[in-house]
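# Coordinates in review
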Amino acid sequence: MGGGGPIKQSRHDEHPQVTPWSSAPFRWFFAAQTISVTGSALAPIALAFGVLQTRGLKSHLGLILAVQSTALIVFLLYGGAIADRWRRGAVLIGSNVASGLVQVALGIGLAAWAGHLEVVLALAAASGFCTAFTLPATRGILPELVRSEALRSANSALSTSRNLAKVVGPSLAGGLAATIGGGPTLVIDGVSYLVAAVLMTPLGLGTRRESRQAIWHDLRDGFATFIGLRWAVVVVVSFGVTNAILGAAWLTLGPLIADDNFGEAGWGAVMSVRAVGLLVMGVVMYRLAVRRMLAFGQVMASLFAVQLVALGLHAPLAVLLVASLVGGLGSAAFAITWDTALQTYVPEGRLSRVAAFDNVVSFAAV
């Protein structure tokens, strides 16, 4: 749909009894994603410890992360065009294999190449490059795996898996990095990508899309589709602003405010409670069918403000804990309904490109 007209009720609200688990491809995809996102949850802490444990690179951690993020943003649109042009399953298999090899090389090489920053930077850029192909294909493949009426439930299940990995992953990564080192922990992350690629092998057998035009024309067509969906543009731009605010106020100033008021342990509790909200809403959204899905998601997204207001007013820890829980509930509801809306109303052949534009705005803002 385009032009900003009213969003119609989708078919998945008419058949809430249909579940994604009846689809064998979705079951393979879910298993692969669960393993992959668990490994990815290890990566940030593993990389930080791996660099800090390497004397020659301690002062370069920020540069390594910047190179990785820049490569991701630069190539995301190209990754979206490739995912729309080729079999998304094949793209995911290839990008997961490449990501696995890069992470293994990075984990092994942190110590071996401590005196060669350029090698580590090249691997960090390669990691961002691979992720730029993984994300659009991941967001675009779901309509190929489940019936349209099961999209919301499928997104809810995947959201719950991702958020559970975010809860478990950092603690697991910290324990592994402290015992075996950050580099070997990155190797484990790399292996998780390779296992995910094997599990997704059945997904690479879909029909190949034919495109006789240059990749530049695919990018232009994807942008035209995105701009034509005025409701999508409004949401993407508004949440680009929201992400910038969250990155500055919540992720940066939050720990500083916490340190002045209730300490590091209190801030850890706040972040943990927010994660609980994410998990709870993922479970709720699996069953909750709403008539105006996108509108519901936007209303729930406004709950982000509750935690920011509580933080800005230096509310007592108990109040901030409740506000953080509410913010987590709203965040999960928005993410699930937003992905479902894109998968329902964006043409399937342009879905990964539109999702890539969404990702570029979000990551650039952060």
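Residues numbered from 1 in each chain as written. Predicted model: local features only at pLDDT ≥ 70, side-chain atom pairs only at ≥ 80, totals over all residues. Heavy atoms only, no water.

### Considering the overall build of the protein
The secondary structure content of the protein amounts to 13 helices and zero strands. When the helices and strands of the protein are read in sequence order from the N terminus, they spell out α-α-α-α-α-α-α-α-α-α-α-α-α. On C-alpha atoms alone, the protein measures out to a radius of gyration of 20 Å, which is about the 21 Å that the 2.2 N^0.38 rule sets for 366 residues. Burial status across the protein gives 49% buried among its 366 residues. (Helix = DSSP H or I, 4+ residues; strand = E, 2+ residues; numbered from the N terminus. Rg over C-alpha atoms; globule rule 2.2 N^0.38 Å. Buried < 20%, exposed > 50% of the residue type's maximum accessible area, 1.4 Å probe, protein only.)

### Let's talk about the packing of helix H1 (residues 24–52) against helix H4 (residues 117–145)
For the pair H1 and H4, the least separation of the axes is 9 Å and the interaxial angle reads 155 degrees. As the angle between them shows, H1 and H4 are arranged roughly antiparallel. Handedness of the crossing formed by H1 with H4: left-handed. The segment H1 lies against H4, with Pro25, Phe26, Phe29 and Gln33 engaging Thr138, Ile141, Leu142 and Leu145. (Axes fitted to C-alpha atoms, helices over the stretch in contact; angles between N-to-C directions. Parallel < 35°, antiparallel > 145°, perpendicular 65-115°, else oblique. Left-handed = near helix turned anticlockwise from the far one by under 90°. Contact = heavy atoms within 4.5 Å.)

### A word on the packing of aromatic side chains
All told, the structure shown has 14 aromatic pairs when counted by the stated rule. Centre to centre, the rings of phenylalanine 75 and phenylalanine 129 are 4.8 Å apart; their planes meet at 85 degrees, and the pair counts as edge-to-face. In this pair, phenylalanine 75 sits in helix H2 (residues 61–85) while phenylalanine 129 sits in helix H4, placing the two residues 54 residues apart along the sequence. Given the relative accessible area of 32%, phenylalanine 75 is considered partly exposed. Look at phenylalanine 226 and phenylalanine 357: their rings are 5.4 Å apart centre to centre, the planes differ by 5 degrees, and that puts the pair in the stacked class. Within this pair, whereas phenylalanine 226 is found in helix H7 (residues 215–228), its partner phenylalanine 357 is found in helix H13 (residues 351–365), the two being separated by 131 residues in sequence. Here the two residues phenylalanine 226 and phenylalanine 357 agree in accessibility, since each one is buried. (Phe/Tyr/Trp six-rings, centres within 6.5 Å; stacked < 30°, edge-to-face > 60°.)

### Observations concerning the confidence of the model for the protein
Scored by pLDDT, the protein comes out at a mean of 86, with 91% of its residues at no less than 70. Counted against residues more than four places away or in other chains, residues 1–16, with its pLDDT under 50, gives 38 contacts. (pLDDT = per-residue confidence, 0-100.)

### Comments concerning the pattern of salt bridges
Counting across every chain of the model gives eight salt bridges. One salt bridge in this structure joins aspartate 218 and arginine 85, with 2.7 Å as the shortest N-O distance. Of this pair, aspartate 218 sits in helix H7 while arginine 85 sits in helix H2; the two residues are 133 residues apart in sequence, bridging distant segments of the chain. A relative accessible area of 4% means that aspartate 218 is categorised as buried. Relative accessible area serves as the criterion here: at 16%, arginine 85 is assigned to the buried category. (Salt bridge = Lys/Arg side-chain N within 4 Å of Asp/Glu carboxyl O.)

### Some details on the environment of serine 99
Here serine 99 lies in helix H3 (residues 88–112). With relative accessibility at 5%, the residue serine 99 sits in the buried group. The contact partners of serine 99, leaving out residues within four places of it in the chain, are Cys130, Thr131, Thr134 and Tyr193.

### A closer look at the nonpolar core
Trp231, Trp250, Trp338 and Leu342 are the most contacted members of the largest nonpolar core, which has 32 residues in total. Those elements that place two or more of their residues in this core are helix H8 (230–261), helix H9 (263–287), helix H10 (293–301), helix H11 (304–312), helix H12 (317–345) and H13. When residues in this core are grouped by element, the largest group, nine residues, is from H8. Ignoring sequence-local partners within four residues, the contact set of tryptophan 338 consists of Arg139, Trp231, Ala232, Val235, Val236, Leu294 and Asp358. Ranked by size, the runner-up nonpolar core spans 30 residues in total, among them Phe133, Ala137, Leu145 and Val146. (Core = buried A, V, L, I, M, F, W, Y, C linked by side-chain atoms within 4.5 Å.)

### Concerning the packing of H8 against H11
Across the interface, H8 lies against H11 with an axial gap of 11 Å and an inter-helix angle of 35 degrees. Crossing of H8 over H11 shows left-handed handedness. Seen from H8, the contacting residues are Phe239, Thr242, Ile245, Leu246, Ala249, Trp250, Gly254 and Ile257; seen from H11, they are Phe304, Gln307, Leu308 and Leu311. In terms of residue class, the contact of H8 with H11 is made up of nine nonpolar, three polar and no charged. (Nonpolar A, V, L, I, M, F, W, Y, C, P; charged D, E, K, R; others polar.)

### Quick notes on unusual backbone geometry
Even without being a glycine, histidine 314 presents a positive backbone phi close to 55 degrees. Summarising the element assignment, histidine 314 is placed in the loop between H11 and H12. In this structure histidine 314 comes out as partly exposed when scored by relative accessible area, which is 47%.

### Quick notes on the environment of alanine 66
Locating alanine 66 in the fold gives a position in helix H2. Taking the relative accessible area as the measure of exposure, alanine 66 reaches 38% and is therefore partly exposed. In this structure the C-alpha to C-alpha distance between alanine 66 and leucine 121, which are 55 residues apart in sequence, comes to 9.5 Å.

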